[in-house]
2 protein chains.
Amino acid sequence: MHKVIFQFESGGDVTIFAAPGENLLELARKANVVIDAPCSGNGSCGKCRVKLMSGTLKSNKSLHLDSEFNEGWRLACGSTVNGDVKVMVPDIASAYKSRMKTADLSSPEEVRIFTELQENLRTAGFNQSGQIKTFSVRMDAPTLDDTMPDNERFSRAVREATGAGHVIVPFFILRKLPDLLRDNDFALRCVGELFDGTIEIMDISSDAGTVPVCGLAVDIGTTTVSGVLVDLQTGDILAKGSAGNGQIRYGADVINRIIEQQKTDGIEKLQNAIIKETLLPLIEVLCLDAGVPQKRIFRMAVASNTTMNHLLLGINANHLRTEPYIPAFFRLRPVLTRALGIELAPAAKLSVAPNIGSYVGGDITAGALACMIWNTGDLSMLIDLGTNGEIVFGNSEFLISCACSAGPAFEGGDISCGMRATHGAIEACVIDRDTMEPRMTVIGDIRPVGLCGSGIIDVIAELFRAGIINGKGKFIREGRRIKRDEFDIGSYVLAFPEESGSGRPVSISEVDIDNFIRAKGAIFSAIMTLITSLGFTPDMLEHVLVAGGIGSGINMRNAVYIGMFPDLPLEKFSYIGNSSLAGAYAMLTSEDAAGKLEDIARSMTYLELSTQPGYMDAFVAACFLPHTDGTLFPSVSDEVT
Amino acid sequence: MHKVIFQFESGGDVTIFAAPGENLLELARKANVVIDAPCSGNGSCGKCRVKLMSGTLKSNKSLHLDSEFNEGWRLACGSTVNGDVKVMVPDIASAYKSRMKTADLSSPEEVRIFTELQENLRTAGFNQSGQIKTFSVRMDAPTLDDTMPDNERFSRAVREATGAGHVIVPFFILRKLPDLLRDNDFALRCVGELFDGTIEIMDISSDAGTVPVCGLAVDIGTTTVSGVLVDLQTGDILAKGSAGNGQIRYGADVINRIIEQQKTDGIEKLQNAIIKETLLPLIEVLCLDAGVPQKRIFRMAVASNTTMNHLLLGINANHLRTEPYIPAFFRLRPVLTRALGIELAPAAKLSVAPNIGSYVGGDITAGALACMIWNTGDLSMLIDLGTNGEIVFGNSEFLISCACSAGPAFEGGDISCGMRATHGAIEACVIDRDTMEPRMTVIGDIRPVGLCGSGIIDVIAELFRAGIINGKGKFIREGRRIKRDEFDIGSYVLAFPEESGSGRPVSISEVDIDNFIRAKGAIFSAIMTLITSLGFTPDMLEHVLVAGGIGSGINMRNAVYIGMFPDLPLEKFSYIGNSSLAGAYAMLTSEDAAGKLEDIARSMTYLELSTQPGYMDAFVAACFLPHTDGTLFPSVSDEVT
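Please read all numbers here as calculations on a predicted model, not as lab measurements.

1. What about the overall build of chain A?
Piece 1. Summing up its helical and strand segments, chain A has 16 helices and 28 strands in all.
Piece 2. Against the compact-globule benchmark of 26 Å for 641 residues, chain A has a radius of gyration of 26 Å, which places it among compact chains.
Piece 3. Among the 641 residues that make up chain A, the fraction classed as buried is 56%.
Piece 4. Excluding contacts between residues fewer than 6 apart, the proportion of contacts in chain A whose partners are at least 24 apart in sequence is 69%.

Here it is as structure tokens:
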């Protein structure tokens, strides 16, 4: 056996013993060391780099490692153990690590998104009251002439207080009832869940004082998980936070995750990665932030794509991947969170926004709910730029959706220096046409360590605008910031090691640009196919609502310039943040909204792009800057001219 | 600290360390050593005897211990530790110990009771089908043109197979569904629970072969617990068994148990005594006997008095005992058995026969259901001789009930040599008028070790008939079998040490007779008060159905002779066994019967004897053999003449 030490760049280490020939990435997973591996270890992404500190490793040389190989960098997936070894796991490589980040709820952007949402829900006539009700009851004490049993007495009082026709007093409540009634002179404060005229009691306590009654709305994205802790009595957001989805080490996209789920203990591993490693720490941080005990969370609403909700629930997702692509469910009865190892209030349930297809899930139905396109006669479009790009088109009359596999590029994946829109990410960029020097906006106003989605759009648009790259994304100018490697692959250096926050250069290569062009091509061709499938044209669109983790800094002009969105007047575009999370919030806090969500799921049609004639041609034609058919982008031609 | 060793007569021992002055009975409870203590340790019953083997004990001398004190016998409740000590815990003293006893299902008596019950249910027009349904479903496999999710496809098939309007697929079933469907070509065998047109799936498996689908009916008596394991598809009884209620060591009657429940951890202790120490071993034995895995039990039906069902569920029963005597519930929503630590099928629920008062519980509503008195125009009476005597009077037009505290005498408690109707119990007896020698029938045809209820009735009747005791139960003849102790308390020796199975004498004393006379007096006065309260007279009764653990050997003539039952023609009496268990069986196996049980509980009225004018006088008058008013028992006068 050999001793393998994983030393974290940010401090701390983990030791594990390995047999000769064991794969270093597998070993890291075994040791619960998070190494980013979007391609799930097939050597194609070049993300799982670690640095050899001492000892030996048997490693393949990789295209992804240039001179860095000589500096000791290795790809974990391409390395096997052949002796004692110590490797450093860089923090930059673990940008997807389950590190919790809470949002500043006083920031204007955060305030705007949820204030608008609450206003929209009110405008739509939705009652701002969810299924979880809080109320007080007061009873006459029993006497020799009034010997009704405690549960009947209590139920009668609950019916009177709530108007419910039927009351369920669960066993754990019944056990507490006799003493609690008598200790509080037959006056109690209750929390209950109302559905179809029946109320199920979830908590009883003294009527004196108040205790918080909270809910949790979560968007489980393939790459990023975001949540808000909500006061269910007011709808106020008490805390907000996000984290990388811990499943990322089992692959960047849903297909790789499903493949990993088929391996031994895969169902449990994938479920643990999202629940134990991601949701539980996130919930803990949110509760600490708001000063609320977890047991005061009475409801959890989750919006996620179909694969993510299968993996979350520990349900085999393989049948989503293989013909005829059948999910276990579209609509799910709420599940006790306890059954998933999430300990909130004893009877707290998790509800999942309904899926409508194997590749159009609850994230999209929830997003469609939150973006309100069903509430206007104007033709509108929701574009959710997640790892899967999902698009909903329609208005109050109809809704049609489709999904395309854009890959993680919009959240900074599949890009050598890509990262989520967190501290150190370049979120905007302008490149001087002459000097080719960049001017960058970095989140947190620190030295750059990588590029988030909005930054990548800007960089590619500016490189194209400055004539540094051509329509194919190939470098056609030379300069101090333009490098070529031994295979003649060009790259643009945004920050040299001395300019960066990590001591390593931040750059974008032709490979990265190519990945991104394919991602934007997938989105654009999906948009066009969806619109034209119904005989519409893009100019009929009144509103284009862009959602997702790409970041609020997205420059719509540049997104059009690179041919990602149709060439429409800029005022038609708006960035609406995380619409999936907003939808989860809406279903959590408004019964009317939850009902509307069901309507949306029932009525929304789904266009399967892969069987749609012309989609593949449209995609190939869109893999160009801005597009092989320049007439689709007159404003870009105008600008170039 | 002193070392205390409890050595069991039947082998094995338990060691515990104790502080000086600790009470031996308390210590035994702490060490989980079962010592019979019907009076809960107040020194009045004399049952908790242990034998000092070595070391020392500080013990009070007790009236209950005569010469036996010198032989080393001590009452555990009256002894405290003052040094290292070893005591022997006799098996005879632990006759109530949770020792499992399974019934011989081929015995004519067992066959008769359940065959009659099944016939009665059929005659009443009840569908012999409970809420638990077993059925097969077969679906078309999904295709690209038929992409309905698994849960919807399955639910549709279940609706078609069962006619249910709504299908609940619980989470644990949903998780198994995708793979099980595909492994079995979309054909499954299902178990589901049907209620109000909704079916909740409880189990899915391959459609090939058959697996048992069982239910469990249990009567939880204050003294004895009995259960039957039932094949829910046929109604057949697969195993039957009984055990002492492990709570007996916390007191013989419900009042003492409730008092114990108020002590530290009392709720948990009483609940553990019935669940962990009684029900779980009983279920294990029944399942072993029938060769059925516990996880194939899908439903459990319990009939028990109001206190017993509170203690079972871990609900504070103190409010039953204190004015205004309020139970936590009459009717209970079925509770997951898992929530009680009873691991059967994952979704198995326990349903409890409804109570109608603090002292008339589900045992009586279940008994009234099973004895069918609601199905005839004839005036009938059900007399359930448990620790609480409960009586139901009426016919298809009305039902009225009352309860009286008879004490455990009918099950052999409160009687120095009393025992349950198991091996070694004298169940019948004739005493020669001249020689005063007894001829006895002993269960199991072995040497006698004690007296069960029916035996006590016979012995007292025969002692009275032979003029050995007078109407007050005092000995008025002398002979070799009649002994008097130092306090001049007479007793009759049924078996001298050399004749008995335990090496200790089996006898009945004036104290025992007095206890029994009070028990039978309570029953007789309750019967009379109930009948006369409505203006009826006993001779209007057509059927007197006697139920309870007193044993099938009960001699009705003798029961009338001692004034326990009204003086009616003997053909009007019948012994119907354990009507409470039979009722639990009926509610388990027939939805119609379960519905009828609810009707009975709603319509049955309750007569509170303690507030009924004349009841106390009637009781005092009945505490005589056969009664102070001899005209009530003309047949006894005739016989004496």
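2. Some thoughts on the sheet that holds strand β28 (residues 605-606) of chain B
Residues and elements named next belong to chain B.
Piece 1. Pairing is mixed in the open sheet, where 6 strands are placed in the order β27-β26-β17-β18-β19-β28. Looking at strand neighbours, the two that pair on one side only are β27 (573-577) and β28, the edges of this open sheet.
Piece 2. The pairing of strand β17 (residues 380-385) with strand β18 (residues 388-394) spans 6 bridges and is antiparallel. Bridged to Asp 384 within β18 is Glu 390.
Piece 3. Sitting on the sheet, helix α9 (residues 362-371) is in contact with β17, β18, β19 (399-405), β26 (543-547) and β27, with an inclination near 135° to β17.
Piece 4. Contacting β17, β18 and β19, helix α11 (residues 510-533) crosses the sheet at an angle of about 25° to β18.

3. What to know about the sheet that holds strand β22 (residues 450-451) of chain B
Residue and element names in this part refer to chain B.
Piece 1. Spatially, 3 strands are ordered β21-β20-β22 in an open sheet, and the strand pairing comes out mixed. Lying at the two open borders of the sheet, with one neighbouring strand each, are β21 (438-442) and β22.
Piece 2. Two elements, strand β20 (residues 425-431) and β22, share 2 bridges in a ladder whose sense is parallel. From the neighbouring strand, Ala 425 faces β22, where its bridge partner is Gly 450.
Piece 3. Set on the sheet, helix α10 (residues 453-465) makes contact with β20 and β22; between it and β20 the angle comes to about 15°.

4. Quick word on the environment of Asp 253 of chain A
Residues and elements named next belong to chain A.
Piece 1. With respect to the secondary-structure elements, Asp 253 resides in the loop between β13 (237-244) and α5 (254-261).
Piece 2. Note on Asp 253: 21 C-beta atoms within 10 Å, which makes it buried.
Piece 3. As for Asp 253 and Cys 429, which are separated by 176 residues in sequence, their C-alpha atoms are 28 Å apart.
Piece 4. Dropping the residues within four chain positions of it, Asp 253 is found in contact with Thr 222, Thr 387, Ser 405, Gly 407 and Pro 408.

5. What to know about the relation of the copies chain B and chain A
Two chain copies, one operation linking them: a rotation about an axis together with a shift along it.
Piece 1. Between the two copies, chain B and chain A, the superposition gives an RMSD of 0.2 Å; the rotation angle is 180° and the shift along the axis is 0.2 Å. What the rotation and shift describe, once combined, is the action of a two-fold rotation axis. Within chain B, the C-alpha atom positioned nearest to the axis of rotation is that of Ala 339 of chain B, 6.7 Å from it.
Piece 2. In this assembly, 100% of the residues forming the interface of chain B have copies in chain A that are likewise at the interface, indicating an isologous arrangement.

6. Topic: the domain arrangement of chain A
How big an interface is tends to be stated in terms of the accessible area lost upon association of its parts.
Piece 1. On domain assignment, one finds that chain A holds domain 1 (2-94) and domain 2 (132-206).
Piece 2. Here the C-alpha centre of domain 2 of chain A lies 59 Å away from the C-alpha centre of domain 1 of chain A.

7. Some remarks on the confidence of the model for chain A
Piece 1. Across chain A, pLDDT averages 90, with 96% of residues at or above 70.
Piece 2. Low pLDDT, under 50, characterises residues 92-99 of chain A; the stretch is placed with 31 contacts to residues that sit more than four places away or in other chains.

8. A word on the interface of chain B and chain A
Piece 1. Tallying the contact residues gives 31 residues for chain B and 31 residues for chain A.
Piece 2. Listing elements by their share of the side of chain B that touches chain A, those giving two or more residues are α3 (150-162) and α4 (171-183) of chain B.
Piece 3. With 6 residues, the top contributor of residues to the side of chain B that touches chain A is α4 of chain B.
Piece 4. Here the residues of the side of chain B that touches chain A sort into 19 nonpolar, 6 polar and 6 charged.

9. Let's talk about the pairing of strand β21 (residues 438-442) of chain A
All names here are of chain A.
Piece 1. Every second residue of β21 is oriented toward a common face, the buried set being Pro 438, Met 440 and Val 442 and the non-buried set Arg 439 and Thr 441.
Piece 2. Pairing geometry for strand β20 (residues 425-431) and β21, over 5 bridges, is antiparallel. The residue of β21 that forms the bridge with Val 430 is Arg 439.
Piece 3. Taking the residues that link successive antiparallel strands as the turn, the β20-β21 hairpin has 6 residues, and the phi of Met 436 there is positive, at about 65°.

10. Describing unusual backbone geometry
Residues and elements named next belong to chain B.
Piece 1. With an omega of 0°, the peptide bond running from Glu 323 to Pro 324 counts as cis.
Piece 2. Mapped onto the secondary structure, Pro 324 falls in the loop between α8 (318-321) and β15 (335-336).
Piece 3. A cis amide bond, omega -15°, links Leu 625 with the succeeding residue Pro 626.
Piece 4. Turning to its location among the elements, Pro 626 is positioned in the loop between α15 (615-622) and α16 (634-640).
Piece 5. In this structure, Tyr 325 is a non-glycine residue whose phi angle is positive, near 60°.
Piece 6. In this structure, Tyr 325 sits in the loop between α8 and β15.
Piece 7. Residue classification places Tyr 325 among the partly exposed positions, given that 16 C-beta atoms sit within 10 Å.
Piece 8. A positive phi angle, close to 70°, is found at Asp 488, a residue other than glycine.
Piece 9. Along the polypeptide, Asp 488 turns up in the loop between β23 (482-484) and β24 (490-495).
Piece 10. Looking at Asp 488, the number of C-beta atoms within 10 Å reads 8, which means it is exposed.

11. Concerning the pairing of strand β14 (residues 297-304) of chain A
Residue and element names in this part refer to chain A.
Piece 1. For β14, the buried fraction is high: 8 of the 8 residues fall into the buried class.
Piece 2. Where strand β11 (residues 214-220) and β14 come together, 7 bridges link them in parallel fashion. Looking at the pairing, Val 218 lines up with Val 302 of β14.

12. Some details on the environment of Leu 336 of chain B
Piece 1. Along the polypeptide, Leu 336 of chain B turns up in strand β15.
Piece 2. Given 15 C-beta atoms within 10 Å, Leu 336 of chain B falls into the partly exposed group.

13. Regarding helix α2 (residues 108-123) of chain A
All names here are of chain A.
Piece 1. Taking 1.5 Å per residue as the helical rise, α2 with its 16 residues ought to reach 22 Å, and the 22 Å between its terminal C-alpha atoms agrees with that figure.
Piece 2. Taken residue by residue, α2 has Ile 113, Phe 114, Leu 117, Gln 118 and Leu 121 as its buried positions. The arc enclosing the buried residues of α2, seen along the axis, measures out at 120°, which places them on a common side. α2 presents Pro 108, Glu 109, Thr 115, Glu 119, Arg 122 and Thr 123 as exposed residues on the side facing more than 90 degrees away from its buried surface.
Piece 3. Among the structural elements, β13, α9 (362-371), β27 (573-577), α13 (579-589) and α14 (591-603) are those in contact with the buried residues of α2.
Piece 4. Backbone geometry just downstream of α2 places Gly 125 in the positive-phi region, at approximately 85°.

14. Describing the packing of α3 of chain B against α4 of chain B
Helix packing for two helices is described by the angle between their axes and how far apart those axes are.
All names here are of chain B.
Piece 1. At a closest axis distance of 10 Å, the pairing of α3 and α4 adopts a crossing angle of 85°. The orientation of α3 with respect to α4, classified from their angle, is roughly perpendicular. On α4, the residues that touch Asp 150, Asn 151 and Phe 154 of α3 are Leu 174, Leu 177, Pro 178 and Leu 181.
Piece 2. Within the contact of α3 with α4, the residues separate by chemical class into 5 nonpolar, 1 polar and 1 charged.

15. Overview of the packing of α11 of chain B against α15 of chain B
All names here are of chain B.
Piece 1. The geometry of α11 relative to α15 is characterised by a closest axis approach of 8 Å and an angle of 135° between their N-to-C directions. When the interaxial angle is binned, α11 and α15 end up oblique. Crossing hand, α11 versus α15: right-handed. Contact residues: Gly 521, Ala 522, Phe 524, Ser 525, Met 528 and Thr 529 in α11; Tyr 615, Ala 618, Phe 619 and Ala 622 in α15.
Piece 2. Taken together, the residues that form the contact of α11 with α15 break down as 7 nonpolar, 3 polar and no charged.

So, how was this worked out
Residues numbered from 1 in each chain as written. Chains lettered and ligands numbered in written order. Predicted model: local features only at pLDDT ≥ 70, side-chain atom pairs only at ≥ 80, totals over all residues. Helix = DSSP H or I, 4+ residues; strand = E, 2+ residues; numbered from the N terminus. Rg over C-alpha atoms; globule rule 2.2 N^0.38 Å. Buried ≥ 20, exposed ≤ 12 C-beta atoms within 10 Å, placed from the backbone. Contact = placed C-beta atoms within 7 Å. Pairing = 2+ DSSP bridges. Axes fitted to C-alpha atoms, helices over the stretch in contact; angles between N-to-C directions. Least-squares fit on C-alpha atoms with pLDDT ≥ 70 in both. Domains from an automatic or database assignment. pLDDT = per-residue confidence, 0-100. Nonpolar A, V, L, I, M, F, W, Y, C, P; charged D, E, K, R; others polar. Expected span 1.5 Å × (residues − 1). Arc of directions from axis to C-beta. Parallel < 35°, antiparallel > 145°, perpendicular 65-115°, else oblique. Left-handed = near helix turned anticlockwise from the far one by under 90°.

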